[in-house]
Amino acid sequence: MDTILSGVELLMRWDVMAALLIGSIGGVIIGAIPGVGAAVAIAILLPATFSLDPIVGLTILLGIYGSSMYGGALPAILINTPGTAVNALTTYDGYPMTKRGEARRALALAYGASFWGGVFGILCLILLSPLLALIAPHFGSREIFLAALLGIILVVLAHRGQVFAAGMLAAFGILLHTVGLDVKYNQRMTFDQSWLTGGFNLIVVVLGLFALSQAFLLLTDKDNTPEPQPITGSILSGMKELWVYRKVATAAGSFGVLMGMVPGVGEFTAQFLSYTYARKQSKTPELFGDGAPEGLIASEAANNAVPAAAMIPLLALGIPGEALTAMMLSVFYVHNVIPGPQLFQNQLDFVYALYIAMLLLNVIVMVFLIFSTNLLTKIIQVPTRFLGMIILILSFVGVYSLRNSVVDCVIASAFGLLGLVLKRLNLPLVPIILGMVLGGIMEVKLRSSMVRVKTPLDFVERPIAAILALMILLVIAMHIRTLVKEHKTRLAEADIDHDLHDTQQR
Amino acid sequence: MIKAKTLQDLFKRYRRPGDLVFAIVFLVFSIAMAASLGSQVKWTSSKIFSEPAFWPYVSVICMLVFSALHLVSSLASPVIAGRWREVGFWIRSVEFAVWFMVYVLMVPRLGYLPSTIIFALALTSRLGYRQAKYLGAATLFAIGVVLVFKTFLQVKVPGGQIYEYLPTAARSFMLTYF
């Protein structure tokens, strides 16, 4: 209890409160504008947060991360365009409800489910934290290496239908990490180019892949101005209906927490599992995809429970599970706060402060949304090419303020063009970033763990290492089994709608 | 309309036009990386897993294997119309990378505030938004960005060379805040 109170004390500062307010409200607005996801906003703001206290900088970024999905539900429901990638499933049931004249009901349920999922996730984590503080110190180099390896494998396998592409992009990310001087100060993959000696900066790559690519994409593509209809009636009163679907919301929140904790998995798998569960439990499964409230709730509660859970591998082991937490990892490193077992042992109050900040942001976002939904429908009416200009100017601050380097800007532009191609092909960007970050972790941890390893079996002699190794084998075996099963029930190529998903374009 | 028959289909990401071109380019890049491995990394001891050369080899081998499989799957799949139109889209986007680099080169010369205003107005006009409301919004946005990041947050953006021609008091003010 003392640790929790100490965490609250860390938050009781005007700058932290201001960061919380700016991050959470800014996140909702960013999430609501189709074309600007949390990744774009966090990538741009990263360098600006380096000059702030770690708790202030992380609160802003967490605010954006946790609240963008609330905002993303708005265009998903009103105009059939998800505000962020993870709101794609919300369109399946949300938009049909709008077409039936139930837009207010759909929004109220989506906001309510998001709040339920978000708060449920954080409460689970506050309860789990003492346990994590006990387990985390048992993770040595071998265990962290295996956890990172599991993360890489999962991020590749999680991209269904694009496993080969995800694999080659994750390997490309690992290659990017190896460029520069190695531990023995030898040139590695530098091709005698002095500008490659320092390697590729993660933030420059992130800004190029996420922010600049989005700007280029919007600027090159056709113009489009979203025009949602205003909402009439009270959103708050509509939320009462969520109580009827509390079982679905709680189950979806649980899937969100479980999947968020596993590196490399995240929102899509959580949504997949909770949507499947909700459809199986429903008395009207035929309504799913055609405006089923349970489908909408399952999607929103699951994805909002993930951000808090995704902080677990990051804080407890120093392993980011997806692109946004990988970006946050750089904020920790800049401030010399090294996430990992030591953080959970020695600075548990800091961890609690982050959780409480996430709890508060959910409350702020709900209050904001109840009163400002109609205002948001006006804000999102920015023409997309004009939005591209805005992102381009903001990206400059991110890249150039880092080191005032023109070379960084050229590299970021090159990655921006690569990101544009990948987005147009609907190929994932996240494996590149996770390859870079987890590749670095794997290299360091494998090297340090090999000191005490004489035979291959020594590597898995400790229980946690053995469990992780078994999980890796199990995940691969399950994937092969699923492939065989799907092969028997696959659709004919002509029946496949290749435009069904554009989840990588936000 | 959703044509998926199984729930798994809802979560798959299917191919897009231009997939084959990208698959070829990536495989060629992987082969080039593999060919240069010998000259770009050094093996210095017998502890293979601790070697700095280990991870470049692992990553390039994985790139080769996966990109070859990706290319095979692209070749084996039916052609999706619009391949070269898509490549044209990629090439057209280079224009905006050039715009970005021009902006990057302008800032240390003209200063952050003037460069941002000029850039925002020029790009807004180029995009076809020539009405006063868009040009006004672009100007206000440019000023807002400079005020937030440079004046308030003091991010590291150098002052413009052009500020050197200002009177002393105005020069230091502009160098610090704009």
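Residues numbered from 1 in each chain as written. Chains lettered and ligands numbered in written order. Predicted model: local features only at pLDDT ≥ 70, side-chain atom pairs only at ≥ 80, totals over all residues.

As for the domain arrangement of chain A
All names here are of chain A.
Here is step 1: Split into domains, chain A comes out as domain 1 (2–450) and domain 2 (453–489).
Here is step 2: Look at where the C-alpha atoms of domain 1 and domain 2 centre, and you get two points 27 Å apart.
Here is step 3: Residue-level contacts link 13 residues of domain 1 with twelve residues of domain 2.
Here is step 4: Looking at the side of domain 1 that touches domain 2, the element that brings in the most residues is helix 7 (residues 141–157), giving nine residues.
Here is step 5: In the side of domain 1 that touches domain 2, the residues fall into nine nonpolar, two polar and two charged. (Domains from an automatic or database assignment. Contact = placed C-beta atoms within 7 Å. Helix = DSSP H or I, 4+ residues; strand = E, 2+ residues; numbered from the N terminus. Nonpolar A, V, L, I, M, F, W, Y, C, P; charged D, E, K, R; others polar.)

Considerations on the nonpolar core
Here is step 1: By size, the foremost hydrophobic cluster in this structure holds 225 residues, and its most contacted members are A:Ile42 and A:Ala43.
Here is step 2: Top element by residues in this core is helix 13 (residues 293–317) of chain A. It accounts for 16 residues. (Core = buried A, V, L, I, M, F, W, Y, C linked by C-beta atoms within 7 Å. Buried ≥ 20, exposed ≤ 12 C-beta atoms within 10 Å, placed from the backbone.)

Observations concerning the environment of A:Ser141
All names here are of chain A.
Here is step 1: Secondary-structure assignment places Ser141 in helix 7.
Here is step 2: Taking the C-beta count within 10 Å as the criterion, Ser141 has 19 such neighbours and is therefore assigned partly exposed.
Here is step 3: Residues Ser141 and Gln342, 201 residues apart in the sequence, show an inter-C-alpha distance of 13 Å.
Here is step 4: Ignoring any residue separated from it by four or fewer positions in sequence, one finds Ser141 in contact with Lys445, Ser448 and Ser449.

Topic: the interface of chain B and chain A
Much of the literature gives interface size as the accessible area that the parts lose upon coming together.
Here is step 1: Residue-level contacts link 73 residues of chain B with 71 residues of chain A.
Here is step 2: Put simply, the parts of the chain that give the side of chain B that touches chain A at least two residues each are helix 1 (7–10), helix 2 (19–40), helix 3 (54–76), helix 4 (83–110), helix 5 (112–126) and helix 6 (132–152) of chain B.
Here is step 3: Looking at the side of chain B that touches chain A residue by residue, the class counts come to 45 nonpolar, 15 polar and 13 charged.

A short note on the packing of helix 14 (residues 323–334) of chain A against helix 19 (residues 430–449) of chain A
All names here are of chain A.
Here is step 1: At a minimum axis distance of 9 Å, the contact between helix 14 and helix 19 shows a crossing angle of 40°. Like other packed secondary-structure pairs, helix 14 and helix 19 cross with a definite hand, here left-handed. Of the residues in helix 19, those in contact with Ala323, Ala326 and Leu329 of helix 14 are Val430, Ile433, Leu434 and Val437.
Here is step 2: Class assignment for the residues of the contact of helix 14 with helix 19 results in seven nonpolar, no polar and no charged. (Axes fitted to C-alpha atoms, helices over the stretch in contact; angles between N-to-C directions. Left-handed = near helix turned anticlockwise from the far one by under 90°.)

Considerations on the confidence of the model for chain B
Residues and elements named next belong to chain B.
Here is step 1: Averaged over chain B, the pLDDT score is 87; the fraction of residues at 70 or greater is 92%.
Here is step 2: Taken element by element, the predicted model of chain B shows its lowest mean pLDDT in helix 1 (52) and its highest in helix 5 (95).
Here is step 3: Confidence drops under pLDDT 50 across residues 1–5; counting only partners more than four residues distant or on other chains, this segment forms eight contacts.
Here is step 4: Among the scores for the predicted complex, ipTM is 0.92 and pTM is 0.87. (pLDDT = per-residue confidence, 0-100.)

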